[in-house]
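# A look at the structure
What follows is each chain in one-letter form.
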Amino acid sequence: MSRTHSYSLGFISDAAIRDIAARTLSRRINGWSSARLAELHRLIVCRAGEGWCADTGEFDLANFELHARVRLVDRARSLGPAAIHRLSAEAARSADTCYIVETAATADIDEPWEADRRIRRISVSRLYGMVFGSPHAYPALAAAMPCIVDDVMADTPAPADPVAGVLAAAMARRLCMVCA
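Residues numbered from 1 in each chain as written. Predicted model: local features only at pLDDT ≥ 70, side-chain atom pairs only at ≥ 80, totals over all residues. Heavy atoms only, no water.

## Comments concerning the environment of tyrosine 7
Assignment of secondary structure puts tyrosine 7 in the segment before helix H1 (14-26). Among residues more than four places away in sequence, those in contact with tyrosine 7 are Asp14, Ile17, Arg18, Ala144, Cys147, Ile148 and Asp151. (Helix = DSSP H or I, 4+ residues; strand = E, 2+ residues; numbered from the N terminus. Contact = heavy atoms within 4.5 Å.)

The structure is reproduced here in structure tokens:
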């Protein structure tokens, strides 16, 4: 049974955000749910952010007009020494402004990254403000996410494997908690 809620996000259509949420919840991504959360943000920014696209190498997103490159991480301190070295080397070769976006940050962050001062460490709310031009873009998404996930789960047939159903429901709850 299809639900037709209106999310009124302004920066992305209701159909597009439902599609992205459905793709994110249904994809099998190696690793734990933070990889799915990063994928959700990457898909939203690429689909609705003007001039933003997926990047190659160590960064996840790029806007070549703004000369900006973004790496999405759960927490910046969770990066290992090898990843820090690769990010620093790529930032040194780039004339772009580079950002580490902490998708699980609860505070509004915008500061130089302690591991490499050429890279700015920002919160996901700052990323959405930069991409969509409104400081309210991410809070609006966070407020709508439980309803979006409920709609997607209601439209998704139950998996034959009961364990897969439990995992999908757990992922949906995690997505709602992290976005809140």
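From this point, the narrative continues.
## Some points on the packing of helix H4 (residues 124-132) against helix H5 (residues 137-155)
Where H4 contacts H5, the axes come no closer than 7 Å and their chain directions differ by 115°. On the side of H4, the interface is formed by Val124, Ser125, Tyr128 and Phe132, while H5 contributes Ala137, Tyr138 and Leu141. Here the residues of the contact of H4 with H5 sort into 6 nonpolar, 1 polar and no charged. (Axes fitted to C-alpha atoms, helices over the stretch in contact; angles between N-to-C directions. Nonpolar A, V, L, I, M, F, W, Y, C, P; charged D, E, K, R; others polar.)

## Details of H5
For H5, which comprises 19 residues, the first-to-last C-alpha distance of 25 Å matches the rise-based estimate of 27 Å (1.5 Å per residue) to within 8%. Of all the bends in H5, the greatest reaches close to 45° and is centred on methionine 145; the proline proline 146 follows between one and four positions later. For H5, the set of buried residues is Ala137, Tyr138, Leu141, Ala142, Ala144, Met145, Ile148, Val149, Asp151 and Val152. (Expected span 1.5 Å × (residues − 1). Bend = angle between axes of the 7 residues up to and from the residue. Buried < 20%, exposed > 50% of the residue type's maximum accessible area, 1.4 Å probe, protein only.)

## Looking at the packing of aromatic side chains
All chains considered together, the criterion is met by 4 aromatic pairs. Members of the aromatic cluster, each reached through a chain of ring pairs, are Phe11, Tyr128, Phe132 and Tyr138. (Phe/Tyr/Trp six-rings, centres within 6.5 Å; stacked < 30°, edge-to-face > 60°.)

## Thoughts on the side chain of glutamate 39
Position of glutamate 39 among the secondary structure elements: in helix H2 (residues 33-48). Side chain to side chain, glutamate 39 and arginine 42 meet in a polar contact 3.0 Å long. (Polar contact = N/O pair within 3.5 Å; in protein donor to acceptor, adjacent residues only side chain to side chain.)

## Observations regarding H4
Side chains that are three or four residues apart share a direction in an α-helix, a result of its 3.6 residues per turn. Three or more residues of H4 are buried, namely Val124, Leu127, Tyr128, Val131 and Phe132. Taken down its axis, H4 places every buried residue within 105° of arc, on the same side. Phi turns positive one or two residues past the end of H4, at glycine 133, with a value near 75°. (Arc of directions from axis to C-beta.)

## A closer look at the nonpolar core
The biggest cluster of nonpolar side chains holds 37 residues, and the ones touching the most others in it are Phe11, Ile44, Tyr128, Leu141 and Ile148. Secondary-structure elements contributing two or more residues to this core are H1, H2, strand S3 (68-73), strand S4 (97-102), H4 and H5. The leading source of residues in this core is H5, at 9 residues. If we skip the residues at most four places from it in the chain, phenylalanine 11 touches Ile44, Ala48, Tyr128, Phe132, Ala137 and Leu141. Counting 11 residues, the second-largest nonpolar core is a separate cluster that includes Phe59, Val73, Ala91 and Trp113. (Core = buried A, V, L, I, M, F, W, Y, C linked by side-chain atoms within 4.5 Å.)

## As for unusual backbone geometry
Residues other than glycine seldom take positive phi values, yet serine 8 does so here, at roughly 50°. In this fold, serine 8 is placed in the segment before H1. The residue histidine 67 is not glycine, and still its phi comes out positive at about 55°. With respect to the element layout, histidine 67 can be found in the loop between strand S2 (61-63) and S3.

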